[in-house]
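If you want the building blocks of each chain, they are given just below.
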Amino acid sequence: MTATIISETPRPPKVRTKESTSIFDRSIVGSALVDALRKLDPRTMYRNPVMFIVEIGSILTTLMFIRDFGDSSNQENVFAGLVSLWLWFTVLFANFAEAMAEGRGKAQAATLRKTRAETSANVRLSDGTVSEKASSALQVGDLCVVTAGEVIPGDGDIVEGIATVDESAITGESAPVIRESGGDRSAVTGGTRVLSDEIVVRITAKPGETFLDRMIALVEGADRQKTPNEIALTILLAGLTMIFLLAVVTLQPFAIYSGAEQSVIVLIALLVCLIPTTIGGLLSSIGIAGMDRLVQRNVLAMSGRAVEAAGDVTTLLLDKTGTITYGSRQAAEFIPVHDIEQRRLAEAAMVSSLADETPEGRSIVQLAIEQFSPAPVDDQGATLVPFTAQTRMSGMDLPNGRLVRKGAADSVRRFIEVSNEGDYASVPLELLPIVEQVSRDGATPLVVIDKAGADEPWRVLGVVRLKDTVKPGMRERFDQMRSMGIRTIMITGDNPLTAAAIAEEAGVDGFLAEATPEDKMALIKREQASGNLVAMTGDGTNDAPALAQADVGVAMNTGTQAAKEAGNMVDLDSNPTKLIEIVEVGKQLLMTRGSLTTFSIANDVAKYFAIIPAMFATALPELDRLNVMNLSSPRSAILSAVIFNALIIVALVPLALRGVKFRAEAAALVLRRNLLIYGLGGLIAPFIGIKLIDIIVTALGAN
Amino acid sequence: MSWQAIVQALALVGMLAATVPFLGRYMADVYGARADGSAPGDRFFAPVERTVYRICGIDARREQRWNVYATSLLAFSLVSVLLLYAIFRLQGVLPFNPTDRPGVSAMGSFNSAISFVTNTNWQWYSGEISISHLTNMFGNSVQNFVSAAAGMVIVIALIRGITRTGTRDLGNFWVDLVRTLLRILLPLSLVFAVVLMSQGVVQNLSGYTAAVTIDQTPVDPSEDSTAITEQLIPGGPVASQEAIKELGTNGGGFYNANSAHPFTNPNGFTNILQIWAMLLIPFSFVVAFGRLVRDRNQGRVLIAVMATILVLFSGFAMLAEQQGNPGLTTRGADQSLSVSQSGGNMEGKETRFGPAASGLFAAATTGTSTGAVNSMHDSYTPLGGLTPMLHMMLGEVSPGGVGVGLGGMLVMALLAVFIAGLMVGRTPEFLGKKIQAPEMKLVVLYVFAMPFALLTFAAASVLIDSAATFQPGAHGLSEVLYNFASTANNNGSAFAYQNTGTQWYTTTQGISMLMARFFTIIPVLAIGGSLAAKPKVPATSGTMPTNTPLFGFLVVGVIAIVAGLTFFPALSLGPILEHLSL
């Protein structure tokens with residue numbers, strides 16, 4: 001896993017700047033208005049049972065308005081016309097909300113499509129010759145040679161070479177990334193551009209089924225399917241619609257019996273006001289917007305189902321390195337052996353690291369300067385001793401004959417024992433306990449040794465404690481997760497001692513030490529067997545089975561094709577910390593649906609108090625006492641309820657697209673707050689809204 | 001309200017508080033709450049059960065899937081309907097018919113057979129002049145027991161669905177039925193019948209007893225009517241039928257006047273006792289539920305929801321009836337409570353109960369699915385009459401019929417969980433089980449069944465009933481609405497002015513009772529089957545708690561909003577209009 005792209009803050013505020021348009025971007029609104037009309041086609045409307053009923057109602061009222069135009073009084077014509085008009089608006093507003101949500105994705109897809117322009121590929125044949133071929137004619141297994149400046153013709157793995165690649169077309173990140181054959185950074189994506197060097201790519205995806213193609217389809221919502229929760233909610237909404245249909249249809253016989261027969265227009269108006277049009281109209285836009293919020297965070301979800309599952313996750317598997325810790329170890333302490341001054345150890349450690357450009361080396365120098373500000377060392381004429389796989393040590397040979405080395409405890413010991421010709425006494429007895437203690441604390445010990453001159457023996461000076469730093473804010477983050485009922489389990493290749501220490505420091509709920517891919521898989525299965533939903537990130541090919549098994553598997557974009565195929569999300573930033581945000585987006589999506597459903601149903605109470613007295617005002621004046629809002633006339637009351645019902649959809653579009661405010665809290669608190677805002681608010685808001693609209697309608701003299 | 005009424009209400013609360021926890025615990029053990037499956041009284045009951053199983057050929061260890069369970073119940077109900085139909089038709093030639101009642105008409109028998117098998121106990125006829133003792137004992141009373149037991153076992157199956165994981169089996173219908181009858185309903189009824197007899201409730205097999213009347217003046221001296229010198233007093237096995245009538249929330253009276261009749265409900269003590277008996281098992285069932293799902297707070301919350309609704313409706317009915325009719329007050333009638341009179345609206349009420357105790361009875365009989373009455377609901381004030389009507393329209397969940405009431409409450413809880421669960425950002429869960437599309441389909445079916453069985457037939461009736469068997473105006477609409485609310489909730493109480501013995505009503509109300517019973521029971525069983533197969537999601541702080549007051553509040557809100565939105569238009573033209581016209 002690469003540590004280079006990991007952001008320093010736990011919640012990177014990075015949003016793809018080029019797409020980060022405001023919710024009501026002008027070009028999107030424009031095309032959404034057109035789409036809203038196009039979506040009136042009953043063949044698409046019937047998918048949304050609630051709005052389909054409204055459309056049928058609109059057609060019926062319009063036909064009746066036309067039929068009665070000549071026969072009715074002017075007042076009745078205006079009323080029928082206005083009711084029909086606002087019923088159409090109700091449908092259009094709902095369509096508009098959906099088109100708005102889709103608009104952002106479409107704009108993004110258009111940008112992506114440009115990069116998918118037809119390219120030609122240089123295919124290397126089995127005899128070694130290279131022939132040109134259209135990228136659309138590529139087959140899986142073809143070997144393509146791509147040189148600097150060329151666009152990679154299709155998805156694949158690098159089999160030869162190393163190159164810098166500009167992946168901005170997909171990730172929005174302008175800094176080039178390095179891709180090389182072998183290992184976990186071999187995957188390249190079609191449509192990205194090679195900036196330097198030459199690579200050979202083995203094509204792994206058929207043209208038309210590449211990552212870019214899938215990405216376009218996803219952001220565009222071309223094959224959007226209803227998610228399980230959406231289906232369940234649609235069933236409930238359809239059920240409520242049926243009940244209200246029943247209530248309204250049976251009302252007419254009761255009205256006839258009571259000598260107050262109703263016009264069909266009024267009954268349709270009542271029906272439309274009662275059925276849950278607010279949530280019915282916004283349901284699909286909430287889902288699309290949820291996917292879009294992930295795209296804004298540079299995460300591609302392969303299905304809406306995955307986004308929803310993210311909200312349900314109860315166990316997060318997080319890799320230690322790069323996710324919980326920086327992955328780069330930092331010097332934390334100099335621990336000298338008994339007869340050595342700490343200052344001398346620090347000075348020697350600094351000298352040994354002067355030429356060491358790794359983060360560890362730099363941090364040793366920095367710590368030594370901070371703690372002891374030793375005199376600058378004249379490294380003129382000094383010889384750098386680089387780290388090699390054989391010695392597993394590095395250091396410096398100074399011109400005055402002094403040699404300084406640092407390295408892993410066991411290799412240093414072996415080195416001294418050999419160099420000092422079996423003089424075991426030169427390795428102090430207390431070294432081993434120090435080394436063990438440091439390991440137990442979750443840190444890495446580096447032993448520093450020096451040799452004052454050619455005739456002097458090697459001496460052990462002490463140990464530098466290198467600590468893998470837990471990222472700031474992780475503990476708070478995990479506390480929040482816990483309050484939301486999510487357990488975090490740290491996965492690490494460290495030994496159990498080290499793992500326990502870091503787990504303790506980071507505040508995770510559990511850890512899996514010395515983890516092999518099989519262990520990881522077993523852990524996921526165990527968690528799932530006890531009813532948990534598991535989310536994890538991964539990038540390597542050996543992560544693929546676990547990614548596929550997890551309920552939410554987020555593959556890093558830098559990872560292998562196998563990993564990307566196996567997961568149900570891809571993080572284009574390759575930032576494993578983002579798993580936490582993905583969970584939040586999933587939760588927010590469900591919360592928005594639930595809140596608007598509650599709001600929509602609660603709204604009905606006020607609508608009854610507007611419409612029922614209005615319907616029977618002439619025939620049964622006693623019922624006017626139910627006109628608690630004191631609406632000015634029966635017609636204005638019904639019209640105001642219909643207008644409110646339509647306008648509330650538009651008013652809630654921003655909320656549907658942005659999602660309700662998310663806070664990491666226990667479910668009980670979230671419920672209380674949302675119930676208060678959307679339940680009680682939904683009860684009260686329409687009383688005020690309908691009254692205001694009635695005042696305006698009356699003032700305009702529309703009745 | 002009189003202090004007596006308040007004392008009676010408080011006494012009722014005390015009696016329930018003293019008995020419900022114990023019966024609930026006992027019932028939980030009967031339904032397998034103990035780890036070893038034992039239950040109190042095994043030494044006596046177990047051999048009896050084994051004998052019954054042997055005779056009936058029941059394999060007690062064989063479990064059933066939800067659909068087999070449902071089929072068993074349907075088959076049992078069908079046989080029951082046919083048997084009861086035959087008894088009604090043939091009672092004229094059968095024994096225990098001291099008053100020589102002839103067989104009942106085909107449509108009437110159809111209606112009554114369905115009525116008793118569905119635990120409705122809607123009676124289009126007058127018991128003492130239409131039904132033989134045999135019909136009462138071997139027909140109606142038997143169904144009082146088994147229909148109550150059937151309502152209870154389906155909820156046990158649902159509870160098993162909640163507690164079990166990774167299975168399709170919900171238990172064995174026949175075993176559950178036998179255990180419910182043998183260990184719960186029969187012993188309780190036996191004791192209760194004896195207590196009722198001690199208070200003067202009749203229990204014999206006699207026909208009419210002729211009594212010479214003391215006052216022998218003509219009924220109407222102005223007309224040339226003959227004086228009544230002799231009165232025929234009908235006897236019968238009343239106490240035994242009364243006991244299960246209340247305990248099994250059946251409600252079918254031996255006499256037409258039901259619990260207003262002094263042979264049935266002789267005094268204020270029996271009145272409270274009968275209300276207690278109606279509420280006993282429904283509330284205890286929730287206690288048992290809490291124990292069976294190993295979350296007693298969950299049970300407590302649902303009890304609180306039921307009790308809150310019941311108290312609200314009881315209080316409202318008691319106040320409305322004590323208030324009386326404002327129209328009478330303006331015309332100079334004294335309706336105030338004083339030493340010499342109970343005050344309030346006394347039309348259609350027994351002087352030994354008074355308006356408040358009648359209102360309390362009315363709320364209890366409609367909150368459960370009993371349908372017994374101790375006063376004529378048709379004579380209530382508009383708001384007083386609205387109370388029992390709306391109470392039924394809530395779906396009878398406060399606390400509802402034995403078993404089925406808890407079933408309805410759990411369905412409403414699922415609905416609340418679904419809406420609220422989304423609000424906290426998780427796929428909704430109830431007691432560890434995810435509530436998804438298959439459950440929502442069934443919940444919607446359940447919620448739709450009752451309004452459909454109520455509104456369509458009521459609407460058709462006001463259009464089609466050319467004979468207008470109901471009164472004119474808003475009150476007539478109330479009568480039609482009430483009577484279909486009663487059958488569509490398997491309640492059985494009536495707004496009794498309306499003559500529902502016509503072909504139209506016996507047929508439509510029979511169908512409405514069938515729909516109400518089986519379109520709710522089958523979804524409940526299917527939900528159980530669907531939940532049993534699911535794994536249990538461990539509860540975390542991210543799980544929406546369903547055992548808190550907040551959730552209880554939410555369930556009350558969902559029940560009120562669903563019923564309110566469905567029935568407000570119809571009610572506004574019935575009792576609400578009538579009230580506003582006073």
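No experiment lies behind these values; they were computed from the predicted model shown.

## Focus: the overall build of chain B
When helices and strands are tallied, chain B shows 19 helices and four strands. Relative to the compact-globule value of 25 Å for 582 residues, chain B shows a C-alpha radius of gyration of 23 Å, a close match. Seen through its C-alpha atoms, chain B measures out along the principal axes to roughly 80 × 55 × 45 Å. Looking at chain B residue by residue over its 582 residues, the buried ones come to 61%. Considering only contacts within chain B whose residues lie at least 6 apart along the sequence, 78% involve residues at least 24 apart. By element, 65% of the accessible surface of chain B is carried by carbon and sulfur atoms, the whole surface being about 20,500 Å². Side-chain charges of chain B comprise 30 positive and 29 negative groups, with the mean position of each set lying 20 Å from the other.

## Here we look at the overall build of chain A
The helix and strand tally for chain A stands at 22 helices and 22 strands. Relative to a compact globule of 703 residues, whose C-alpha radius of gyration would be 27 Å, chain A shows 34 Å and is clearly more extended. For chain A, the C-alpha atoms occupy an extent of roughly 120 × 60 × 45 Å along the three principal directions. When the 703 residues of chain A are sorted by exposure, 55% land in the buried category. Summarising the internal contacts of chain A: among those between residues at least 6 apart in sequence, 71% fall at separations of at least 24. Total accessible area on chain A stands at roughly 28,100 Å², and carbon and sulfur atoms take up 57% of it. Charge centroids of chain A, computed over 65 positive and 81 negative side chains, lie 5 Å from each other.

## Quick notes on the interface of chain B and chain A
The interface is formed by 58 residues belonging to chain B together with 56 residues belonging to chain A. If you sort the residues of chain B by the area they bury against chain A, Met423, Leu565 and Leu580 of chain B come out on top, with a joint share of 15%. Counting across the chain B and chain A interface gives zero salt bridges. One can count eleven residue pairs in polar contact (both at pLDDT 80 or more) joining chain B with chain A. With 14 residues, helix H15 (residues 437–464) of chain B is the largest single contributor of residues to the side of chain B that touches chain A.

## Things to note about the sheet that holds strand S5 (residues 162–166) of chain A
All names here are of chain A. The three strands lie next to each other as S6-S5-S8, forming an open sheet whose pairing is antiparallel. Unpaired on one side and paired on the other, strand S6 (177–180) and strand S8 (193–194) mark the two borders of the sheet. Relative to S8, S5 runs antiparallel, the two sharing two bridges. Within S8, the residue paired with aspartate 166 across the bridge is arginine 193.

## Thoughts on the sheet that holds strand S20 (residues 534–538) of chain A
All names here are of chain A. The mixed open sheet is built from seven strands, whose spatial order is S10-S22-S21-S20-S11-S18-S19. The sheet is open, and its two borders are formed by strand S10 (299–301) and strand S19 (510–512), each paired with just one other strand. Between one strand and the next, the sheet's axes are offset by a mean angle of 20°, whatever the strand orientation. The pairing of strand S11 (residues 315–319) with strand S18 (residues 487–491) spans five bridges and is parallel. Within S18, the residue paired with leucine 317 across the bridge is isoleucine 489. Where helix H9 (residues 277–296) meets the sheet, its contacts fall on S10 and strand S22 (569–571), and the angle it forms with S10 comes to roughly 145°. Those strands touched by helix H16 (residues 496–506) are S18 and S19, and its axis lies near 150° from that of S19.

## Topic: empty space enclosed by the protein
Residue and element names in this part refer to chain B. For the structure shown, the criterion picks out ten cavities of 30 Å³ or more. Roughly 390 Å³ of volume is contained in the largest cavity. Counting only elements with at least two residues in the lining of the largest cavity, the list comes to helix H14 (404–423), H15, helix H17 (503–532) and helix H18 (549–573). In the lining of the largest cavity, the residues fall into 18 nonpolar, 13 polar and two charged. Here the second largest cavity defines a volume of roughly 70 Å³. If you go around the second largest cavity, the residues you meet are Thr99, Gly127, Glu128, Ile131, His133, Ser206, Gly207, Tyr208, Pro234, Gly235 and Phe254.

## Examining the pattern of salt bridges
All names here are of chain A. Tallied over the full model, the rule gives 43 salt bridges over all chains. A salt bridge links arginine 593 to glutamate 308, with the nearest nitrogen and oxygen atoms 2.9 Å apart. Remark: glutamate 308 occurs in helix H10 (residues 304–312) and arginine 593 occurs in helix H20 (residues 578–616); sequence separation between them is 285 residues. The class of arginine 593 is buried, set by a relative accessible area of 1%. Overlapping salt bridges bring together Arg344, Glu347, Arg402 and Asp450 as one network.

## Some thoughts on the packing of aromatic side chains
Here the structure, examined in full by the defined rule, presents 24 aromatic pairs over all chains. A ring pair is formed by phenylalanine 65 of chain A and phenylalanine 69 of chain A, whose centres lie 5.6 Å apart and whose planes are at 85°; its orientation type is edge-to-face. On the basis of relative accessibility, which here comes to 47%, the residue phenylalanine 69 of chain A falls in the partly exposed class. One aromatic cluster is present, built from ring pairs that chain together Tyr608, Phe609 and Phe687 of chain A together with Phe568 of chain B.

## A closer look at the pairing of strand S16 (residues 443–451) of chain A
All names here are of chain A. The element S16 is largely enclosed, with a buried count of eight among its nine residues. Bridge count between strand S15 (residues 403–408) and S16: six bridges; the pairing is antiparallel. Note that in S16 the partner of arginine 405 across the bridge is isoleucine 449. Examined bridge by bridge, S16 and strand S17 (residues 459–470) share eight bridges and lie antiparallel to one another.

## As for the pairing of strand S1 (residues 120–124) of chain A
All names here are of chain A. Side chains Ala121 and Val123 of S1 all project onto a buried face; the interleaved residues Ser120, Asn122 and Arg124 project onto a face where none is buried. Examined bridge by bridge, S1 and strand S2 (residues 130–134) share five bridges and lie antiparallel to one another. By the bridge assignment, alanine 121 is partnered in S2 with lysine 133. Connecting S1 to the antiparallel partner S2 that follows it, the hairpin turn spans five residues, and glycine 128 within it adopts a positive phi of roughly 95°. Note that S1 and strand S3 (residues 143–147) share three bridges and pair antiparallel. Bridge pairing in S3 places asparagine 122 opposite valine 145.

## Quick look at helix H13 (residues 382–393) of chain B
All names here are of chain B. With twelve residues, H13 ought to run about 16 Å at 1.5 Å a step, and its terminal C-alpha atoms sit 16 Å apart, in line with that. Of all twelve residues in H13, ten are buried, a share of seventy percent or more. Three or more residues of H13 are buried, namely Pro382, Gly384, Gly385, Leu386, Thr387, Pro388, Met389, His391, Met392 and Met393. Buried-residue contacts for H13 involve helix H10 (296–323), helix H12 (354–367), H15, helix H16 (473–488), H18 and helix H19 (575–580). After H13 finishes, the residue glycine 395 shows a positive phi value of roughly 100°.

## Notes on the confidence of the model for chain B
Across chain B, pLDDT averages 91, with 99% of residues at or above 70. We note a pTM of 0.87 for the whole complex and an ipTM of 0.93 for its interfaces.

## Let's talk about a nonpolar patch on the surface
Together, Leu676, Ile677, Leu680, Leu683, Ile684, Ile688, Leu692 and Ile695 of chain A make up a nonpolar patch on the protein surface, roughly 720 Å² of accessible area in all. Positionally, leucine 683 of chain A belongs in helix H22 (residues 667–700).

## As for helix H8 (residues 264–274) of chain A
Side chains three or four residues apart in an α-helix point the same way, a direct result of the helix having 3.6 residues per turn. Of all eleven residues making up H8 of chain A, ten are buried, and the element is well covered by its neighbours. Within the sequence span of H8 of chain A, burial applies to Ile265, Val266, Leu267, Ile268, Ala269, Leu270, Leu271, Val272, Cys273 and Leu274 of chain A.

What counts, and at which threshold
- Residues numbered from 1 in each chain as written.
- Chains lettered and ligands numbered in written order.
- Predicted model: local features only at pLDDT ≥ 70, side-chain atom pairs only at ≥ 80, totals over all residues.
- Heavy atoms only, no water.
- Helix = DSSP H or I, 4+ residues; strand = E, 2+ residues; numbered from the N terminus.
- Rg over C-alpha atoms; globule rule 2.2 N^0.38 Å.
- Buried < 20%, exposed > 50% of the residue type's maximum accessible area, 1.4 Å probe, protein only.
- Contact = heavy atoms within 4.5 Å.
- Areas by Shrake-Rupley, 256 points an atom, 1.4 Å probe, with all protein chains shown as cover.
- Lys, Arg positive; Asp, Glu negative; His and termini not counted.
- Charge placed at Lys NZ, Arg CZ, Asp CG, Glu CD.
- Buried area = accessible area lost by both parts, 1.4 Å probe.
- Salt bridge = Lys/Arg side-chain N within 4 Å of Asp/Glu carboxyl O.
- Polar contact = N/O pair within 3.5 Å; in protein donor to acceptor, adjacent residues only side chain to side chain.
- Pairing = 2+ DSSP bridges.
- Axes fitted to C-alpha atoms, helices over the stretch in contact; angles between N-to-C directions.
- 1 Å grid on protein atoms, 1.4 Å probe; cavity = no way out; pocket = protein on both sides within 12 Å on 5 of 7 lines; lining within 4 Å.
- Points joined across faces, edges and corners; volume = space filled by probe spheres on them.
- Nonpolar A, V, L, I, M, F, W, Y, C, P; charged D, E, K, R; others polar.
- Phe/Tyr/Trp six-rings, centres within 6.5 Å; stacked < 30°, edge-to-face > 60°.
- Expected span 1.5 Å × (residues − 1).
- pLDDT = per-residue confidence, 0-100.
- Patch = residues over 30% accessible without salt bridge, like charges linked within 9 Å, V, L, I, M, F, W, Y side chains within 5 Å.

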